[in-house]
Structure formats: C-alpha cells, structure tokens
Amino acid sequence: QTQAPLLAQFMRRSFSYLVASEQQLIQNLKRRNEDLLVTLDSLRQTQAELARVARVTTVGQLTSSIAHEINQPLAAITSYASGCHNLLAQPQPDLVQIGNAIGKMGGQAKRAGQIIRGIREFVRRQEPHRSACRIEELIDTVLSLLKAELQKNQVLLILEAEANLPPLYADAVMLEQVLFNLMRNAIEAMCETPANQRQLTVRLVRERHLLKVQIIDRGAGIAPEQLEQLFKPFYTTKATGMGMGLNICRSIIEHHQGRLWVEPNPGGGCRFIFTVPFSEEPQAHEP
Ligand code: ADP
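Here the residue numbers are simple positions, counted from 1 along each chain's written sequence. Residue-level local features of this predicted model are given only where pLDDT is at least 70; pairs of side-chain atoms are given and counted only at 80 or more, and the full residue set underlies all totals for whole chains, interfaces and linings. Water and hydrogen atoms were dropped before computing side-chain values, which therefore reflect all heavy atoms in the structure.

Asker: Whenever I open this one, the packing of aromatic side chains confuses me. Can you help?
Answerer: The way to describe two aromatic rings as a pair is by their centre distance and the angle between their planes. Any two of the Phe, Tyr and Trp rings considered here, Trp counted by its six-membered ring, make a pair once their centres fall within 6.5 Å; the pair's planes then place it as stacked at under 30 degrees, edge-to-face at over 60, or tilted in between. Inspection of every chain in the model, using the stated rule, returns two aromatic pairs. Between phenylalanine 122 and phenylalanine 180 the ring centres are 5.7 Å apart and the planes differ by 45°, which places this aromatic pair in the tilted class. A residue pair is termed long-range when its members are at least 10 positions apart, and phenylalanine 122 in helix H3 (residues 95-123) and phenylalanine 180 in helix H5 (residues 172-189) qualify at 58 residues. Neither residue differs from the other here; phenylalanine 122 and phenylalanine 180 are each classed as buried. Seen from the ring of phenylalanine 231, arginine 250 lies directly overhead, with NZ or CZ sitting 3.8 Å from the centre. One residue, arginine 259, lies across the ring of tryptophan 261, its end atom 4.3 Å from the ring centre. Runs of H or I in DSSP of at least four residues are treated as helices and runs of E of at least two as strands, each being numbered from the N terminus. For every residue, the accessible area obtained with a 1.4 Å probe (protein chains only) is divided by the maximum for its type, and the residue is called buried under 20%, exposed over 50%, and partly exposed between those limits. In this scheme, Lys NZ or Arg CZ marks a charge over a ring once it lies within 6 Å of the ring centre and within 35 degrees of the ring normal.

Asker: Where do I start with the site of the ligand in this structure?
Answerer: In these notes, residues near a molecule or strand are those with any non-hydrogen atom within 4 Å of it. Near the ligand lie 19 residues; those nearest to it are Asp217, Thr236, Thr237, Lys238 and Leu246. Whenever two N or O atoms come within 3.5 Å, that pair is a polar contact, provided that in protein one can donate a hydrogen and the other can accept it, and provided that, for residues adjacent in sequence, both atoms are side-chain atoms. Contacts to the ligand include threonine 236, whose side-chain N or O atom sits 2.5 Å from an oxygen atom. Glycine 245 has a polar backbone atom sitting 3.3 Å from an oxygen atom of the ligand. Accessible areas in this description were obtained via Shrake-Rupley with a 1.4 Å probe; residue shielding takes into account the shown protein chains only. Here the ligand has 530 Å² of accessible area as a free molecule, and 90% of this is covered by the chains.

Asker: How should I be thinking about the packing of H5 against helix H6 (residues 245-255) in this particular structure?
Answerer: Two packed helices can be described by the angle between their axes and the distance between those axes. Contact geometry for H5 and H6: axes closest at 9 Å, N-to-C directions at 145°. Here the hand of the crossing between H5 and H6 comes out left-handed. Across the interface between the two elements, Met174, Leu175, Gln177, Val178, Asn181, Leu182 and Asn185 from H5 touch Gly245, Leu246, Ile248, Cys249, Ile252 and Ile253 from H6. Polar here means any residue outside two lists: the nonpolar Ala, Val, Leu, Ile, Met, Phe, Trp, Tyr, Cys and Pro, and the charged Asp, Glu, Lys and Arg; Gly therefore counts as polar. Here the residues of the contact of H5 with H6 sort into nine nonpolar, four polar and no charged. In this analysis an axis means a line fitted to C-alpha atoms, helices contributing only their contacting stretch, and an angle means the value between N-to-C directions, from 0 to 180 degrees. It is the rotation of the near helix from the far one that decides the hand of a crossing: anticlockwise by less than a right angle makes it left-handed, clockwise makes it right-handed. Contacts are assigned to residue pairs that have any heavy atoms within 4.5 Å of one another.

Asker: Looking at this structure, how should I read the nonpolar core?
Answerer: Grouped together as the largest cluster of nonpolar side chains are 57 residues, with contacts concentrated most on Ile135, Leu168, Leu179, Leu200, Ile215 and Phe274. If you tally residues by element for this core, the top one is H5, at 10 residues. Residue contacts for leucine 168: discarding those within four places in its chain leaves Ser131, Ala132, Cys133, Ile135, Leu175, Leu211, Val276, Pro277 and Phe278. Only buried residues count toward a nonpolar core. Its members are Ala, Val, Leu, Ile, Met, Phe, Trp, Tyr and Cys residues joined through side-chain atoms within 4.5 Å.

Fair warning: the whole summary comes from geometry, so function is off the table for now.
In structure tokens form, the structure reads like this:
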C-alpha cells in the first residue's frame, strides 16, 4: 500500500524523462537531416564543378579539331568574297549572282557563330539547370564538336531517330557532355577496327515516358568482368585517359532519373545505353 504513491511518482518521472529524451532525439535527427541536406548540396555543386572541369579539359584537347571545324565556314566565306570581288570587277556585274554569293556568305558566318556559341555554352560556368530541350539539337551541337574527329578517324556516323520525339526536361549542357563522352569513347574504341567497318550508330527510341539513347560502336568490345569497372572513378586503359568520363556520365544520367549501362553489341563492339524521362517528373530536381 505505502509503495503505491512512490511507484506512481517513479512512473511519472520515467515518463517525463522518456518524453524529454524523445524530444531530444527528434531535435538531433532534425539537425542531422539539415546537415545532410547541406552536405548533399555541396556534393552536388562539387559534382557539377567536376563535370565542368572535364568539359573544359575535353575542349582543350580538341582545339585543333574545333579550329578545323570553324575554319571550314571561314574558308568558304573567303572564297565567296573573292568570287564577289571578281564579279564586281566585270563591266556589267551580275547582281543576282553577287546576291546569291552574299546570301551564302551569311549562312556560313551563321554556321561559324553557332559552333562558337555551342563551345562557349559547353564550357560556361553555370548552375545546373533543367529546361525543355530537344535531343536532336543536342546531338547537332555535339556533332559540330566531333565532326573533325569522325573524319580524321574515318568513322561513318549513322543517326537513327524515331520521328516526333517529344522534348526532354533536362540540363542541355550536361546531356551534351554525356553524348560527347560516349561518342568520343566509341570513336577511340574503333582505332584498331578496319577503316571500312568503323561505324558509329546513334539510335533514339521512345519507350513510353522514356527516351532511350543507344551509342553503338564496332570497336574491340569490353570483357564481361569489366562491364561495371568502367564506371568507377579513374578507371582508364588509355595512355592519356583520365578515367572520369563514364563516372561523370552515370552521375549526370542518374540525376535526371535515368539509367546508363553498357552491353555487348551483337554485331561486335559494344553499346552504351541511357534513358531520360521525356517530361517533367514530379520528383525531378536540378542535377
Ligand atoms: P577515359 O576515356 O579517360 O579512359 P572513361 O571513363 O570515359 O575514361 O572510360 C573508361 C574506360 O572505359 C576507357 O579507358 C576504356 O577502357 C573503356 N571504354 C569506354 N568506352 C568504351 C567503348 N566504347 N569500347 C570499349 N571500351 C570502352
């Protein structure tokens, strides 16, 4: 009997101690969660910066190819200009012909401007930013950077795109970086392939709400035990490789709620495949 109030008091104290501990625990969890969000944010920024450094490095390695690509429209402008000059020197200049040549000069100048704009955007420091973009345009920009590499390595490009693909909701520059890395790796993988079989296929397929992009080469292929190794940071088999390309590509695609993997190509070589959702996903966040 006499122990009952003591027991009640003990129970009350234990209960309020439990409530206080629980509140303390919740506070701690909240603080940890906030710390985690800050860490996640700075990790995301570091990843974006790393991706940008890789883009700048790539463009640095490709300066001679890019210069060659820009030189082509410039050379065309020079020859149209000298053609105009000759036409104007005639006693009765053919104004229609001169007008045509000037129109073509304008077109070539626009092309050179597009290439330079593409490069500037590719290396610009900017926060990751998703917006509506078209895969065909991204491929076009990447090809303007890689065209000279394709020619130099005698690689035939085949583009197979399903008609009327909807726009993507993505960071255009980051997806360009993925396309660029995969296509450049494919070109490099075919250096030992006989020239008449060097074929790079870019296939765009719609799979319900996903765009599926396949980059298919006819290179030496990849041993089954290496298929996952390739995506690890600093894994490279190239004398001057950095081994970060595929790792960066995978993190970019995963930030877009997609997947990137590689499989052997039935016709020889391998195919890298990635998916990206077409429209804005409810859980989508900035990559
Ligand atoms: P890097 O190109 O600097 O080596 P990556 O991360 O882009 O870095 O590629 C890692 C490695 O994966 C390459 O060194 C190469 O061995 C292999 N690899 C990538 N793409 C292909 C491909 N298309 N065919 C065969 N091997 C490839």
